Each structure stands twice: as C-alpha cells, then as structure tokens.
Amino acid sequence: MDKLQQAWDQVRLSPEADARIRAALTEAQRTGGQVIPLRPGAPGRKKAVRRTGRVVLIAAAVAGLFSVTALAVGVSRIIFHSETVLVGGPDETGYTEEVQFSFDTAGDGPIDMGVWTLDVPEGYGESGDSSYRDSYADAVWEDESGRRIALHYEAADLGFGQWAVDKDDIVQQLDVTVNGSPATLLTTDLGTQLIWTDEELGVGFTLSCSDGDLDLIALAETAHQVDEVPPLDENTLAAIGQLGDWQPALPEDYVERGTFGYPGEFPYVERTWVNGAGCSVKLRYEPHIPGLTYDNYYVGAYREREDKEPGGSDPCAGHTVSDITVQGQPAGLVESPDGSPVMVVWVAEDESVYFKLSAEGMTTQQLLALAETVTTN
C-alpha cells in the first residue's frame, strides 16, 4: 500500500477525484460479490467482453477511474493499460464507448511465463476446461456444485491482445493491491474480476470466480509457479497419434510448454519448448498436401516482398528466402532484415507431413542444425 500511495502522489488529479480514489483503495479490499470470467476464451464470458477487432475511430481523453494505468515500481517488464475509446464502423448506427484493456510489454527480451496455480479452497478440482499455451493459459477449477474459479495469465512479450468492456456495463473500477503491487478490481453488470501483474517476470493475471463468498484478493495472493509440464489435452494427444510424435533434439534446459493440436480431416500439431531464459522453440507439423510446396504453402508471401522496404504494416517486407535442404529434402529458410532466422520449412522424407521450425535466440546455423535432428519418438 505504501508503494501504491507513493505512486498516486505523483498523479495530478482533482481534489474530488483524489479523495474518491483514496477512499476506494481501502473499501476495495473488502469488496466481494458474484464473479464471472471476463477474459477472452474464459468459460462463461458474454456480451460485456469482446476482442477489439473493430476500427477505433476516436481515442477519447483518459479521465477519472476509467483512465488508470498501473504504475511500475522499480524495474517492470509489463504494464496493465486501460483507456476509454469510441468505436464503430460505417455500417453501424452511432458509436459505442468502450474501456479497452491490455497487458503491454515494458522491456526487451523473451519472457518465460511459467506454469501458475492457486491454493484453491477444499472441494475444488482442476477442470477439463483448463488450457495452456506458451503465450497464455487458463487454469480453471470447479467444485461439485458447479462453482468455478478461473485464472487467466499471459506473457506480455507475446501479446495475447486487448479485451474490451462497454463503459455502460462497468459498475466500478477500483485500484487495490495484490502482495503489495498495484492491481485493479473491475466490476461489471456480469460480475467481478481482479487484474494484476508480476512486473519482474512480465506476466499479467486476471482472476474471477462464481463464489461470492471467496475473497479474490486473498486468493490471488496465493498464486505461485509450479515446476510442472502442462498436461496435453485429448485433442492434442489424438493429433499426435494421427501425425506422429515428432520432436527435435533439444538441450536439457528446454521443457515442453504450451503444446496443442487438433485431429481429424485437417489435423495439426504445434509443439513449444522453452528454456530458462524464456527463449522458445516451436515445431508445427501438418499433413503434406499433394501439389503444394514449401514455397507456395509457407514462404511464398515472404519471397514476394523481399524487395519491399521493411517495417510498416507489412510483416513480410524485407525478409530473405533461401532454397536449401533439410534432412536431404528441399526446404525454405526465411531470415529477417537483420539476418536472424524466422523459420525453416520442409517436408518429411516420406512426404507425409510438413514441418515449420522456429527458435528464439538461435542463429541461422543453430536453427538449421536443430532441424536436422527432428524425428519421431
């Protein structure tokens, strides 16, 4: 609370707004109520929350309780940001005023998000709705009566994206603390969620539950990392069974994290390993389609834009595509304008599957050497 008080002292507000916020900080610690998950992808989300894919017409002035951005104390790799905007489009009637939220990166370098859990009350067990990726995760617990606790967390450097709430649906937005760090308690007409960050790691969290008797802040303060590999869901296991258990030979400090896939007529698997520095290796594989090559299926867009000036809105501009071989098979290597590798793509010797391999923190030579080791277990 002392750190947050100091941060507020640096913010210029009207005396009325200042008094209201300071009073809210104390009152919010006692706030409870029914809670419904409000993050994109979380079970139970409804109309109040959506991805902000529409065109933002006017960025409104940020004011009052709807304008607070979490202030970093010391070294921070993440910022929780909120702003009020008017959104709409030419085919819509009028405009909608929304409050948009995001976790923004505040530093350079990869982030190892890790695997997090809570000390949930007795009677709660992890639900099959839990899902884990290397960039975000949803851990869900449920009791016999159907009450749920949902913890969403994400790495700021990978950018899961913004989410938005209609301003008219917001009942209260209060600034509180979680383990002494700034946090936001957001109440809408659907429920309440608690939002906070681990500034040093660069990870953002949102917590909600449907048990109004639970103290969200006390529950959030039990959040901690566990040394576990997230379980693979049934769809991912089925996709691996359909396409094969393909893996590269990685150093021992890499752990599998956030692997997912889907079986069926158009199956795919995307496997991710992360090392202690937060650098990830990704291997995606899917069936080879006769008539398609690595060029027209994966790297063609980069080849077409090699001569364009890099930067701007075109992510493919200025990259270099080289025709090489991997495991004796034709392959395409994509390198960024600064010479670092983006990905290498090739087809298996029996032409059963295509592979796309990328790796953070590796040179082109290291990436290509890693590609040579990909095989089935």
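Keep in mind that what you see is a predicted model, and the values were worked out from it rather than measured.

## Some details on the confidence of the model for the protein chain
Now for step 1: Residues with a pLDDT of 70 or more make up 77% of the protein chain, whose mean pLDDT is 78.
Now for step 2: Looking across the protein chain, the model is least confident in strand 2 (residues 56-59), with a mean pLDDT of 29, and most confident in helix 6 (residues 364-371), with 97.
Now for step 3: Predicted confidence is poor over residues 1-74, with pLDDT under 50, and the contacts of this stretch with residues over four places away or in other chains come to 154 contacts.

## Some thoughts on the pattern of salt bridges
Now for step 1: In the structure shown here, the tally under the stated rule is 13 salt bridges.
Now for step 2: Between K167 and E97 there is a salt bridge, and its shortest N-O distance comes to 3.7 Å. In this pair, K167 is assigned in the loop between strand 10 (163-166) and strand 11 (170-178) and E97 in strand 4 (residues 96-105), connecting sequence segments 70 residues apart.
Now for step 3: Using a relative accessible area of 33% as the deciding quantity, one classes E97 as partly exposed.

## Section: the nonpolar core
Now for step 1: Among the nonpolar cores identified, the biggest contains 42 residues, and L118, I149, L151, Y153, L194, W196 and L207 are the most heavily contacted of them.
Now for step 2: Not counting chain neighbours up to four residues away, the residues in contact with L118 comprise W141, I149, L151, L207, L219, T222 and A223.
Now for step 3: Core analysis: the second largest hydrophobic core is formed by 25 residues, Y254, V326, V353 and A359 among them.

## Quick notes on the packing of aromatic side chains
Now for step 1: By the definition in use, this model includes ten aromatic pairs.
Now for step 2: Ring geometry for F260 and Y268: centres 6.2 Å apart, planes at 80°, overall edge-to-face.
Now for step 3: Aromatic side chains Y285 and F355 sit 6.1 Å apart centroid to centroid with 50° between the ring planes, which places their arrangement in the tilted category. Of the two residues, Y285 is situated in strand 20 (residues 280-287) and F355 in strand 24 (residues 353-359); the sequence distance between them amounts to 70 residues. Comparing Y285 with F355 shows no difference in burial state: the two are buried.
Now for step 4: Through pairs of rings, three or more aromatic residues link up here, namely W116, Y153, W196 and F205.
Now for step 5: Its guanidinium or amino end placed over the ring of F260, R133 lies 4.1 Å from that ring's centre, counting from NZ or CZ.

## Things to note about unusual backbone geometry
Leave glycine aside and you will find that most residues have negative phi; peptide bonds, for their part, are mostly trans.
Now for step 1: In the Ramachandran plot, Q327 falls in the positive-phi region, its phi being about 55° despite a non-glycine side chain.
Now for step 2: Take Q327: it is sitting in the loop between strand 21 (320-326) and strand 22 (329-335).
Now for step 3: Of note in this structure, E351 is not a glycine but carries a positive phi near 60°.
Now for step 4: Following the sequence through the fold, E351 ends up in the loop between strand 23 (341-347) and strand 24.

## Section: the side chain of N275
Now for step 1: Relative to the helices and strands, N275 resides in the loop between strand 19 (268-274) and strand 20.
Now for step 2: In this structure the side chain of N275 is engaged in a polar contact, spanning 3.4 Å, whose partner is the side chain of Y254.
Now for step 3: Here A277 takes part through its backbone nitrogen, which lies 3.1 Å from a polar atom of the side chain of N275.
Now for step 4: Beyond its immediate stretch of four places on either side in the chain, N275 contacts D112, D253 and Y254.

## Topic: helix 6
Now for step 1: Among all positions of helix 6, only T364, L367, L370 and A371 are buried. Looking straight down helix 6, one finds that the buried residues subtend no more than 125° of arc, so they occupy a single side.
Now for step 2: Contacts from the buried residues of helix 6 go to strand 20, strand 21, strand 22, strand 23 and strand 24.

Calculation notes
Residues numbered from 1 in each chain as written. Predicted model: local features only at pLDDT ≥ 70, side-chain atom pairs only at ≥ 80, totals over all residues. Heavy atoms only, no water. pLDDT = per-residue confidence, 0-100. Helix = DSSP H or I, 4+ residues; strand = E, 2+ residues; numbered from the N terminus. Contact = heavy atoms within 4.5 Å. Salt bridge = Lys/Arg side-chain N within 4 Å of Asp/Glu carboxyl O. Buried < 20%, exposed > 50% of the residue type's maximum accessible area, 1.4 Å probe, protein only. Core = buried A, V, L, I, M, F, W, Y, C linked by side-chain atoms within 4.5 Å. Phe/Tyr/Trp six-rings, centres within 6.5 Å; stacked < 30°, edge-to-face > 60°. Lys NZ or Arg CZ within 6 Å of the ring centre and 35° of its normal. Polar contact = N/O pair within 3.5 Å; in protein donor to acceptor, adjacent residues only side chain to side chain. Arc of directions from axis to C-beta.

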